[in-house]
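Here is what each chain is made of, one letter per residue.
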Amino acid sequence: MPRNVMTLDEFRGRFVEIKDGGFIRSTRRGPTGVGHTFETLLGLQEDNIAMPDLGEVEVKARRAGSGSMVTLFTYDRGCWKVNPLGAIRKYGTPDENGRLGMYFTMSRNPNNSGLFIDIDEENVSVKHITDGIIATWNLETLARQFERKLPALIVVSALNELRDGIEWFHYIRAQLLKGTSPDILREQIAEGNVLIDLRLHDKGTSARNHGTGFRTFEDKLPLLFESVEDL
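Parameters at a glance
Residues numbered from 1 in each chain as written. Predicted model: local features only at pLDDT ≥ 70, side-chain atom pairs only at ≥ 80, totals over all residues. Heavy atoms only, no water. Salt bridge = Lys/Arg side-chain N within 4 Å of Asp/Glu carboxyl O. Helix = DSSP H or I, 4+ residues; strand = E, 2+ residues; numbered from the N terminus. Buried < 20%, exposed > 50% of the residue type's maximum accessible area, 1.4 Å probe, protein only. Contact = heavy atoms within 4.5 Å. Pairing = 2+ DSSP bridges. Axes fitted to C-alpha atoms, helices over the stretch in contact; angles between N-to-C directions. Phe/Tyr/Trp six-rings, centres within 6.5 Å; stacked < 30°, edge-to-face > 60°. Core = buried A, V, L, I, M, F, W, Y, C linked by side-chain atoms within 4.5 Å.

For the structure on display, the rule yields 15 salt bridges. Residues E17 and R14 are paired through a salt bridge, measuring 2.7 Å at the closest nitrogen-oxygen approach. Taken together, the residues span about one helical turn, with E17 and R14 both in helix α1 (residues 8–20) at a distance of 3 residues. A salt bridge links R99 to D95, with the shortest nitrogen-to-oxygen separation between them at 3.3 Å. Through salt bridges with shared partners, a single network forms among D9, R12 and E229.

The next thing to look at is the environment of G67. Looking at where G67 falls in the secondary structure, it is placed in the loop between β3 (55–63) and β4 (69–74). For G67 and D219, which are 152 residues apart along the polypeptide, the C-alpha to C-alpha distance reads 6.9 Å.

Attention now moves to the environment of F214. Turning to its location among the elements, F214 is positioned in strand β14 (residues 213–217). Note on F214: relative accessible area 1%, which makes it buried. Through-space distance from the C-alpha of F214 to that of S125 is 13 Å; in sequence the pair is 89 residues apart. Those residues in contact with F214, other than ones at most four positions away along the chain, are V70, T71, L72, F73, Y75, W137, L142, V194, L195 and I196.

The antiparallel open sheet is built from 3 strands, whose spatial order is β7-β8-β9. Two strands close off the open sheet at either side, each with one partner strand: β7 (115–119) and β9 (132–138). On average, adjacent strands in this sheet sit at an angle of 25° to one another, irrespective of strand direction. Across 5 bridges, the pairing between β7 and strand β8 (residues 123–128) is antiparallel. In the sheet register, I117 faces β8, and the bridge partner there is V126.

A word on the packing of aromatic side chains. Scanning the model with the defined rule gives 9 aromatic pairs in all. A centroid spacing of 5.2 Å and a plane angle of 75° characterise the contact between F146 and F225, whose relative ring orientation is edge-to-face. Of this pair, F146 sits in helix α4 (residues 139–149) while F225 sits in the loop between β14 and β15 (227–230); the two residues are 79 residues apart in sequence, bridging distant segments of the chain. Both residues of the pair, F146 and F225, belong to the buried class. Within the aromatic cluster, the residues linked to one another by ring pairs are F11, F15, F38, F169 and Y171.

A separate point is helix α5 (residues 182–190). Every buried residue belonging to α5 is among P182, I184, L185, R186, Q188 and I189, and all of these are buried. Contacts made by the buried residues of α5 are with β7, β8, α4 and β12 (194–202). Positive backbone phi, approximately 85°, marks G192, located one or two places after α5.

Quick look at the nonpolar core now. Residues W80, M102, V124, W137, L142 and L198 are the most contacted members of the largest nonpolar core, which totals 38 residues. If you look at the next biggest cluster of nonpolar residues, it comprises 20 residues, including F38, L44, A152 and V156.

Listed below in structure tokens is the structure:
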């Protein structure tokens, strides 16, 4: 088969070989070394792999115990219930150049601008303590967006150590993650395992929106899926 195409059974067999090989010298310095090294060992040319039994699957390699974050998807279609430019000018904060923006990682506790996350059975919303709903996302819609972006994900965990300033990896676990649901997203947003990032600023005559980001911690990824299978 050409590179980037393999069956799930072929991946399992190759992963066992990589795992049994012990520590491998990183092929690249820095944070991306863990992913690049695994892709090289697997024979991948990019982050995704085509599996006839699963379709397009992203492969995410991570350092075991890492608190790094990953963006799941961005979504803003129809969510804003007030004019975004007006919201920026009312609730935004200036950056180092004096430009107003709303670059906030939201939580259930009000921030300095009085904005917070509220969750009910069907929706998650950004609210202001006195002004009410600023933006709202339907959880069913978010679940569909998540599954369009990540219908399946293979998370590979690696131990790492430094030897004479060079990082080495031992890939010890691979998990196949599939499917999600509104209930899962509701629970994980409430637990603080899915974070909502507002990312927009005042462009003068309009708002420049980079897309609301839905992010999670790498070690929380298995909590966001309905099916978790060790490979």
